[in-house]
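What follows is each chain in one-letter form.
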Amino acid sequence: MAHPLSVTIVVGVVAGLAVSGACILALRRRISDDVYHAAFRRWRSWCWLVGVIFLPVLAGALPTMLAVMVLSLLCFREYARATGLFREKTICAVVSLGILLVAFAAVDHWQDDRLFFALGPLVGALIVVVSIPSDRPRGFIQRVALGVLGFALLGFSLGYISNMANVVHLGETHTDYRPLVLLLITAVELNDMIASLINRTLGRRPFLPETSPQKTWAGAIGAVVITTALVTAAGGWLFAGTPVAHPGWLVGLGLLTSVLGQLGELTLSSIKRDVGVKDVGATLPGHGGLLDRFDGLVLVPPAVYHYLSLALGEAGPLGSEAPFRILTGSWGG
Amino acid sequence: MDNWDLTPARDLTLAGADRHRSYQRESGLLATASRFAWWSMMRLSLAVLHRLEVHGRTNLPESPSFVLVANHASHLDAMVLGATLPLRFRDQLFPLAAGDVFFHTPALAAFSATVLNALPVWRKKVGAHAIQQLRSRLIDEPSVYILFPEGGRTRDGSMRPFKSGIGMMTAGTDVPVVPCHLEGTFEAFPAESYIPRLHKVIVRIGQPRTFEHLENRRPGWDEVSGLLESDVKALAEN
C-alpha cells in the first residue's frame, strides 16, 4: 500500500502538468507564436522529466538507484563538457567508475554502507593519483580540482538519493522510501519554480548579480518561506510517530531543503559564469541541459540524509537499520 | 601558476543529430572507448578475413595533422585506411563520409559520429563554408582526414578523375597529404553488394606531399587534385 504522501505528490504534480498544459492551450491565441512554442517546449520537457523521474521511484528501489546512476553520469557528462574536463579522459573514466561504484554500494548496501561513505575520499584520491603519470604538472591543480568537484557534486552527493532508497525503516510507522525521495525531489524543483515566479513578478533587488542576475532577494526569501512551509506540512505527515515529527526538526528540514536547493543552483550558476556559458547542455528543449534542471539537487541529498539520521536518533540512522542487499539478496543490519 | 583555462566543448549548445552532424563536434569518454573497440575489431577482421597487406607504412607522418587520399571502390576503403594507422590516432581520425548516406537518419548519424568519428560531406550541396570549416579544423588542431577525391565509389572498378575539394582543404597549407592506393576492396565489397566477400586487400602508401607553395585558389586546387591523382595512379602501377 503506497504511502498517502506519495499518492498526493504524484497526483498533485500530474494535475499541475495538466492544468499548466491547458493554460498554455487556452492562451494560444493571446500570445505570440514564439512565446507559445517556447512555453509548449518547456511544458513537454517537464512531462518527460516527471515520467523519467517518477516512474523509477514508483517502480522500486533498484530502478530508483539505476535512474540516479544514469542521472549522475549524464549530469557529469554535461559538467565535463562545459568545463573542458571531458578532454581529460583518464579523470573522466575515474569519476564515471566512482559513480558506478556509488550505485553498487547503494544497491547492495555493501559492508553496511561503509563502502558508500568510503567512496568520497577514495575516488578523490584516485583522481589525484591517475593525474600524476601524464607528467603534465602545468594545470595539475585545475584538472584534479575539476574532477574532485564533479564527483563530489554529481557522483557522491546525488548518490545519497540512492542510499536513501535503501532506507527500509523510517521509525516505527512505515518502511517505504518513496515518499521521502519524491518529497525531496519535488520540494527542490518547486523551490526553484517559486523563486523564479517571485523573481519575475515581485523581485526588485538583485541577490547575487554577478553570479545570477535574475535572482532577487524577494525570490530567495519567498522560496524559503513557501518551501519550508510545504516541507514542514508534508514532513509532519511523513514522519508522524518519529522524533522528526517535532516542529523544530520539521522547520529545520524545510529550511535545509530550500536554502541548500538555492545554493546548489548558485553553485552551477557560478560554474557557468566562470566558463562563460549560458546553459551546460541542450538536452532538454526550453531548459538547457539536465544539470540546468537538477542543479538544485546537488547539495540537498547528503544534508537531508545526515540531518534525518541525527533527528531520528535511535530510530535511524537512515540506511543502516535494516538495509536490503539487492544483488546478493541477504539482509544486513 | 597560469590562469585557469576552462574551455567548454565547441559543440556544447548542440544536441542529438545536430551535434553528430557538426564539424565542431568534440568527443568524450564513451566515443573514445567505442572507437578503440571499433578500430581494434577492424584491424583484426581485416587481417583475418581480407589478409590485409600494407606497403609503405613508413611514409605515414608520425603525428597529425595529415590527410590520406585514395581511390574509392567500397565502403571498406575508409576502414582499411583507418586500420593502417596507430590506434592512438583514433580520436583524431576523421573519415570524410557522404552525408546523405552516413548521416541521413539520427541513428546512423550517432553511429557515424560516435564510433567512426566521421565528418559529413553533403555531396549535392557541399559549400565553400563547409570546406573552409574542414580546412580550419585541419590547420588548428591535430587531425587525420581520410578523403576520397573521386566523390563516390566506382561502379566498374576504374578510377575516376579527382575533384578539387582536396585542393580547397590543403592548398597553401603545410599539412601533408599522403596518396594511397587500395587494391582488392572492389572485389571484396563492391557498391552493389550488401555483404563483404573474403578477398585479399592491399594498401600502398606513397610519399606525402605538401602544397604550401600553391595559392588557395582554383588553379592551385586543380593542381593539388591533379598531382594526387597521378600519385595514386602511379602507386596502382607499382
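Refer to the structure printed above.
Residues numbered from 1 in each chain as written. Chains lettered and ligands numbered in written order. Predicted model: local features only at pLDDT ≥ 70, side-chain atom pairs only at ≥ 80, totals over all residues. Heavy atoms only, no water.

Trainee: Account for the overall build of chain A, naming residues and giving values.
Mentor: The number of helices and strands found in chain A is 11 helices and 2 strands. Listing the helices and strands of chain A from first to last along the sequence gives α-α-α-α-α-α-α-β-β-α-α-α-α. In terms of overall size, chain A behaves like a compact globule, its C-alpha atoms giving a radius of gyration of 20 Å where 333 residues would be expected to give roughly 20 Å. Here the C-alpha coordinates of chain A stretch approximately 60 × 55 × 35 Å along the principal axes. (Helix = DSSP H or I, 4+ residues; strand = E, 2+ residues; numbered from the N terminus. Rg over C-alpha atoms; globule rule 2.2 N^0.38 Å.)

Trainee: So, the packing of helix α2 (residues 29-49) of chain B against helix α3 (residues 76-83) of chain B: which residues are in play, and what are the values?
Mentor: All names here are of chain B. Packing of α2 against α3 brings their axes to within 9 Å, and their N-to-C directions diverge by 100°. Here α3 runs roughly perpendicular to α2, going by the angle between their axes. On the side of α2, the interface is formed by Trp38, Trp39, Met42, Arg43 and Leu46, while α3 contributes Leu76, Ala78, Met79, Val80, Gly82 and Ala83. Taken together, the residues that form the contact of α2 with α3 break down as 9 nonpolar, 1 polar and 1 charged. (Axes fitted to C-alpha atoms, helices over the stretch in contact; angles between N-to-C directions. Parallel < 35°, antiparallel > 145°, perpendicular 65-115°, else oblique. Contact = heavy atoms within 4.5 Å. Nonpolar A, V, L, I, M, F, W, Y, C, P; charged D, E, K, R; others polar.)

Trainee: Residues and numbers for the sheet that holds strand β4 (residues 119-121) of chain B, please.
Mentor: Strand pairing in a sheet takes place through backbone hydrogen bonds and is either antiparallel or parallel in direction. All names here are of chain B. Spatial ordering of the open sheet is given by β1-β7-β6-β2-β5-β3-β4, a layout of 7 strands whose pairing is mixed. Pairing within the sheet leaves two strands with one partner each, and these edge strands are β1 (53-55) and β4. Across the sheet, the axes of successive neighbouring strands diverge by a mean angle of 25°, strand direction being ignored. Of the strands in this sheet, β2 (66-70), β3 (93-98), β4 and β5 (144-147) touch helix α6 (residues 128-140), which is tilted by about 140° from β5. (Pairing = 2+ DSSP bridges.)

Trainee: How would you sum up the pairing of strand β2 (residues 212-216) of chain A? Please name residues and give values.
Mentor: All names here are of chain A. Of the strand pairs in this sheet, strand β1 (residues 206-208) and β2 are connected by 2 bridges, and their pairing is antiparallel. Following the sheet pairing, leucine 208 is matched in β2 by serine 212. Remark: 3 residues form the turn of the hairpin made by β1 and β2, two consecutive strands paired antiparallel.

Trainee: Give a detailed account of the interface of chain A and chain B, specifying residues and quantitative values.
Mentor: Across the boundary between the two partners, chain A contributes 23 residues, which contact 20 residues of chain B. With both sides pooled, the region where chain A packs onto chain B buries about 1700 Å², and carbon together with sulfur makes up 57% of that total. Counting every contact that joins chain A to chain B gives 3 salt bridges. As a salt-bridge pair, Asp11(B) and Arg81(A) come within 2.9 Å of each other at their nearest N and O atoms. There are 7 residue pairs in polar contact (both at pLDDT 80 or more) connecting chain A and chain B. Within the residue set of the side of chain A that touches chain B, elements represented by two or more residues are α3 (61-83), α4 (89-108), α6 (140-165) and α9 (247-275) of chain A. (Buried area = accessible area lost by both parts, 1.4 Å probe. Salt bridge = Lys/Arg side-chain N within 4 Å of Asp/Glu carboxyl O. Polar contact = N/O pair within 3.5 Å; in protein donor to acceptor, adjacent residues only side chain to side chain.)

Trainee: Tell me what's going on with the packing of α6(A) against helix α11 (residues 300-312) of chain A, and back it up with residues and numbers.
Mentor: Residues and elements named next belong to chain A. With their axes 7 Å apart at the nearest point, α6 and α11 run at an angle of 45° to one another. Here α6 lies oblique to α11, going by the angle between them. Across the interface between the two elements, Ser157, Tyr160, Ile161, Asn163 and Met164 of α6 pack against Pro301, Pro302, Val304, Tyr305 and His306 of α11. In terms of residue class, the contact of α6 with α11 is built from 7 nonpolar, 3 polar and no charged.

Trainee: Explain a nonpolar patch on the surface to me, and be specific about the residues and the numbers.
Mentor: Residues and elements named next belong to chain A. Residues Leu97, Leu101, Phe104, Leu126, Val128, Val129, Ile132 and Leu327 make up a contiguous nonpolar surface patch of about 650 Å² in total accessible area. Among the secondary structure elements, those contributing two or more residues to the nonpolar patch are α4 and α5 (114-131). Secondary-structure assignment places leucine 126 in helix α5. Exposure remark for leucine 126: the relative accessible area of 35% places this residue in the partly exposed category. (Patch = residues over 30% accessible without salt bridge, like charges linked within 9 Å, V, L, I, M, F, W, Y side chains within 5 Å. Areas by Shrake-Rupley, 256 points an atom, 1.4 Å probe, with all protein chains shown as cover. Buried < 20%, exposed > 50% of the residue type's maximum accessible area, 1.4 Å probe, protein only.)

These figures capture arrangement, not role.
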